[in-house]
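Spelled out from the first residue to the last, the chains are:
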Amino acid sequence: RKSSRGDFVFSADRLIRLVVEEGLNQLPYTECTVTTPTGHKYEGVRFEKGNCGVSIMRSGRWCWLLKEHTLNALETFTPVLPWVFSDSLGRVHQPGEKPLNPLCPLSGTGNTVIEAVKVLVEHGVQPSVIILLSLFSTPHGAKSIIQEFPEITILTTEVHPVAPTHFGQKYFGTD
């Protein structure tokens, strides 16, 4: 709480990147041969097409970092009411069977995530392809989500009984 806002944002962005990077590690890929700029062949991997990121509740920064880290390998969608997903060009999509990364910075009770996943399931998304990315979660929130949807994978930087509700205020400079 005593750090400068700049130091806080720097550290928070690193935590966000760690969760995003691990979320990307969980996505399906295929092996491929990469030719380097110097002409050397390298055996690497390529993300499979159709991976999808969905912002839940004030997650714009996460979507930006996802897009930045994936070099357009991941389609990033923003939810618009009534829970129809549109991309940056305004095209409407239903995720279906695509691997899906819902993004929710703070999962206190888990209710917001549960409601969002219910809507995704109503639109044909299988819970087994959902990898929830969350910066912070309470034990109650994580347990509630897993009880409702046991097939979901949750990635978070911290599980703590007290949700850091001051995080957004410090991050965005509104404290």
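Residues numbered from 1 in each chain as written. Predicted model: local features only at pLDDT ≥ 70, side-chain atom pairs only at ≥ 80, totals over all residues. Heavy atoms only, no water.

Enquirer: Please explain the overall build of the chain as it appears in this structure.
Expert: The helix and strand inventory of the chain stands at five helices and 10 strands. Going through the 175 residues of the chain one by one, you find that 41% of them count as buried. For the chain, restricting intrachain contacts to residue pairs at least 6 apart in sequence, the fraction spanning at least 24 positions comes to 60%. Within the structure as shown, the chain displays about 10,100 Å² of accessible surface, and the carbon and sulfur contribution to it stands at 55%. (Helix = DSSP H or I, 4+ residues; strand = E, 2+ residues; numbered from the N terminus. Buried < 20%, exposed > 50% of the residue type's maximum accessible area, 1.4 Å probe, protein only. Contact = heavy atoms within 4.5 Å. Areas by Shrake-Rupley, 256 points an atom, 1.4 Å probe, with all protein chains shown as cover.)

Enquirer: Explanation requested: the nonpolar core in the structure shown.
Expert: Within soluble globular proteins, side chains that are nonpolar tend to cluster in buried spots. Counting residues in hydrophobic clusters, the biggest one holds 15 residues, and the most contacted among them are Ile-16, Ile-131, Leu-133, Leu-135, Leu-155, Phe-167 and Tyr-171. For this core, the elements supplying multiple residues, two or more each, are helix H1 (5–25), strand E9 (131–137) and helix H5 (167–172). Counting residues per element, this core draws most heavily on H1, at seven residues. Counting 14 residues, the second largest nonpolar core, distinct from the first, contains Cys-104, Val-125, Ile-130 and Ile-152. (Core = buried A, V, L, I, M, F, W, Y, C linked by side-chain atoms within 4.5 Å.)

Enquirer: What should I look at first to understand the environment of Leu-27 in this one?
Expert: Tracing the backbone shows Leu-27 in the loop between H1 and strand E1 (29–35). With 104 residues separating them in the primary sequence, Leu-27 and Ile-131 have C-alpha atoms 8.7 Å apart.

Enquirer: I tried to follow the confidence of the model for the chain on my own but got confused; where do I start?
Expert: Low pLDDT marks stretches whose predicted atomic positions should not be read closely. On average, residues of the chain score 76 in pLDDT, and 69% of them reach the 70 mark or higher. Here strand E5 (residues 84–86) stands out as the least confident element of the chain, with mean pLDDT 45; helix H4 (residues 139–148) is the most confident, with 95. Contacts from residues 77–93, a stretch scored under 50 in pLDDT, to residues over four places away or in other chains number 32 contacts. (pLDDT = per-residue confidence, 0-100.)

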